[in-house]
Each structure stands twice: as structure tokens, then as C-alpha cells.
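Residues per chain, in single letters:
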Amino acid sequence: MTEPAGAFFKTKDIVDHYRYRPPYPAGVYDRIVASAPGTGCLVDLGCGEGKLARPMTDVFDQVVAIDPSEHMLRLGKALPKGRAQNIRWVKALAETAPLPDAIDVVTFGSSIHWMDPIRLFPRLKKRLNEEHILVVIEGDEPFLPPWHDDWREFLSRWVPEMTGRALDAEEWIAWRNRHLDHMEVIHACDELSDPIKQSLDEFVLCQHSRDTFATIKLGERIAAFQDEFVKLLRPHADDAGLLEFRVKSRVTLARLVTL
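Residues numbered from 1 in each chain as written. Predicted model: local features only at pLDDT ≥ 70, side-chain atom pairs only at ≥ 80, totals over all residues. Heavy atoms only, no water.

Helix and strand counts for the protein chain come out as ten helices and nine strands. In terms of C-alpha radius of gyration, the protein chain reaches 18 Å, essentially the compact-globule figure of 18 Å for 259 residues. Dimensions along the principal axes, computed over C-alpha positions, put the protein chain at roughly 50 × 40 × 35 Å. Burial status across the protein chain gives 49% buried among its 259 residues. In the protein chain, of all internal contacts separated by at least 6 residues, the share reaching a separation of at least 24 is 79%. (Helix = DSSP H or I, 4+ residues; strand = E, 2+ residues; numbered from the N terminus. Rg over C-alpha atoms; globule rule 2.2 N^0.38 Å. Buried < 20%, exposed > 50% of the residue type's maximum accessible area, 1.4 Å probe, protein only. Contact = heavy atoms within 4.5 Å.)

A cluster of nonpolar side chains, Phe143, Leu144 and Leu192, forms an exposed patch at the surface whose accessible area comes to about 270 Å². Inspection of the secondary structure assignment puts Phe143 in the loop between strand E5 (128-138) and helix H6 (148-163). Classification of Phe143 as partly exposed rests on a relative accessible area of 32%. (Patch = residues over 30% accessible without salt bridge, like charges linked within 9 Å, V, L, I, M, F, W, Y side chains within 5 Å. Areas by Shrake-Rupley, 256 points an atom, 1.4 Å probe, with all protein chains shown as cover. Salt bridge = Lys/Arg side-chain N within 4 Å of Asp/Glu carboxyl O.)

This part takes up the nonpolar core. Leu45, Ile66, Val106, Phe108, Phe121, Leu124 and Leu134 are the most contacted members of the largest nonpolar core, which has 24 residues in total. The residues touching Phe108, leaving out its near neighbours within four places in the chain, are Asp44, Leu45, Leu52, Met115, Leu120, Phe121, Leu124, Leu134, Val135, Val136 and Ile137. Counting 23 residues, the second-largest nonpolar core is a separate cluster that includes Tyr29, Met56, Val63 and Leu73. (Core = buried A, V, L, I, M, F, W, Y, C linked by side-chain atoms within 4.5 Å.)

Two numbers describe a pair of packed helices, the interaxial angle and the distance between the axes. Viewed as axis vectors pointing N to C, H6 and helix H10 (residues 222-233) meet at an angle of 165 degrees, and their least axial separation amounts to 10 Å. When the interaxial angle is binned, H6 and H10 end up roughly antiparallel. Pair H6 / H10 crosses with right-handed handedness. Contacts from Asp150, Trp151, Phe154, Arg157 and Trp158 in H6 reach Ala224, Phe225, Glu228, Phe229 and Leu232 in H10. A class-by-class count of the residues in the contact of H6 with H10 yields seven nonpolar, no polar and three charged. (Axes fitted to C-alpha atoms, helices over the stretch in contact; angles between N-to-C directions. Parallel < 35°, antiparallel > 145°, perpendicular 65-115°, else oblique. Left-handed = near helix turned anticlockwise from the far one by under 90°. Nonpolar A, V, L, I, M, F, W, Y, C, P; charged D, E, K, R; others polar.)

For the coordinates displayed, the defined rule picks out 14 aromatic pairs. For the ring pair Trp151 and Phe154, a centre distance of 5.6 Å and an interplane angle of 15 degrees mean the geometry is stacked. Here Phe154 and Trp151 lie together in helix H6, a separation of three residues that amounts to about one turn. With respect to burial, Trp151 and Phe154 carry one shared label: buried. When the ring of Trp172 is compared with that of Trp175, the centres are 5.2 Å apart and the planes differ by 25 degrees; the resulting orientation is stacked. Here Trp172 pairs with Trp175, and both are found in helix H7 (residues 170-176), just three residues apart, close to one helical turn. A cation over an aromatic ring shows up here: Lys51 above the ring of Tyr24, its NZ or CZ 4.2 Å from the ring centre. Here Arg165 stacks its cationic end above the ring of Trp172, 3.9 Å away from the centre of that ring. (Phe/Tyr/Trp six-rings, centres within 6.5 Å; stacked < 30°, edge-to-face > 60°. Lys NZ or Arg CZ within 6 Å of the ring centre and 35° of its normal.)

A word on the environment of Ile222. With respect to the helices, strands and loops of the structure, Ile222 is situated in helix H10. Owing to a relative accessible area of 24%, Ile222 belongs among the partly exposed residues under this scheme. Along the sequence, Ile222 and Glu191 sit 31 residues apart, while their C-alpha atoms lie 32 Å from each other. If we skip the residues at most four places from it in the chain, Ile222 touches His208 and Thr215.

The mixed open sheet is built from seven strands, whose spatial order is E3-E2-E1-E4-E5-E9-E6. The open sheet has two edge strands with one neighbour each: strand E3 (87-91) and strand E6 (183-192). Each adjacent strand pair in this sheet contributes to an overall mean axis angle of 20 degrees, direction not counted. Note: strand E1 (residues 41-45) against strand E4 (residues 103-109), three bridges, orientation parallel. What sits directly across from Leu42, in E4, is Val105. Helix-sheet contacts for helix H5 (residues 117-125) involve E1, E4, E5, E6 and strand E9 (248-256), and the interaxial angle to E4 is about 160 degrees. (Pairing = 2+ DSSP bridges.)

Structure representation (C-alpha cells):
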């Protein structure tokens, strides 16, 4: 690889499209709060713009939001609760970031697969309270929308072109799940959002907040990507040009095992 894993999330190009990402289901936040062994300190690793961290300022005494992207942190600070007195933004990789003592909860919002568990977890283990909880959240994309089958066919052509691997390749799935070798999973469940409406244009732009389809990666292919995607989606938009869908997020609650 010519770039470190997740390096493109540092670019303004991807961050500028984050505003179009849908929120996590409300149940995700309820799970974090309900599972917390204490409300002293929550650390959000790979926090992005703080989609998890900012709401947690209402619950935890201290929230530490860590991300290597200056652009992400700047955006997070400008969003609701981004300037709360009990949130601290830290520009750093998860593997090398300064960590607070006595951490109750660590959250990973669609971020843990970008991290090296061999480097991260021994450092994290030293800072966790004995009754800590790790919360891994994956997924903020439409769940079985009307265009699901066409979308899968679209991805089966575009993902190999952009990444050099097949859609849902076994090695890709194994790489994304390697953190589970170091965790004791306590509970896992899916949370489904209420219906969300988004304009067709904004839905297309949202895809450029994903590493695979960042505009800087698409380059001259961006027009072909967008034209094909709009053609796929248009029949599913209402008269106002809005798409309706639900988001499903997978929530895994775990404790870190001794390495």
C-alpha cells in the first residue's frame, strides 16, 4: 500500500462530504449509556467529527475524542456540543495518542478496522478500569433499501475497480474483524433507525465520504461514477427528489482480554 490504512480520512476532500452521512440509530447511543460501568470517562477512538463523542458529553464527566485528521477535529468542534466544556479533542493516531487514566468506556464508530490491535490494545489495557466496556459500532448505510439489489451489482463492479479486490472478499472481511481476536464479546445486536429522508444529490455526495469512493481516488472517473449511481437511484426518489431509507448499525459490546 502506498498510503497508511485510512490515510484519506485526513484529507479535506473526504471531510467536506461527512455532512451528508446519516446519523446512527438512536438505539446505538442508548446501548452505550446502558452498558457503561461508570460515567467518569469515555474515549472515542477514530472519532471523526464526533458523531459518537459529542452526544456523550451529556452523560460522561469527561469525553476524549481522538482522531489523526485536523480537518475532522475542526469540523467536530463546529458542530453541536463540539465546544462542550467536558470534551477534549486530540489530534493523534489511536496507537500513539495520550490516553487518560481510568477509562470506563471506549467507543469505535466505524473506525476500529483502521487501527493496529497489536500496537493499540496493550497501551489501552493499562488505562482501562477493570469493569470497562468497549463499544464497536459498524454501519451507517441504508438497510435493505428498494435499490439494494442494484446497489450490490453496482458495487460488484466499482469496488474491484477502485480497490483491486472483489466485493466482500474473504481477506477484506478477515482484516476488518482482526480486532475480535483480542476481545471477549459480551453482547452483539443490531439497531435500526427511524425512516430517514435525504435528497438524491446528497445521497450521492455521501458516498464520497467513504474511503473507497473519495473523489481524490476516483479522479477522472468521478463523472462516470456519479452518472451511473444517479441513474440507479432516480427511480426510487419521490417527486421532491428524496430517497427514504433506514440505517442499521451493528453494536458489539466487549472487554479487552490480556495480551
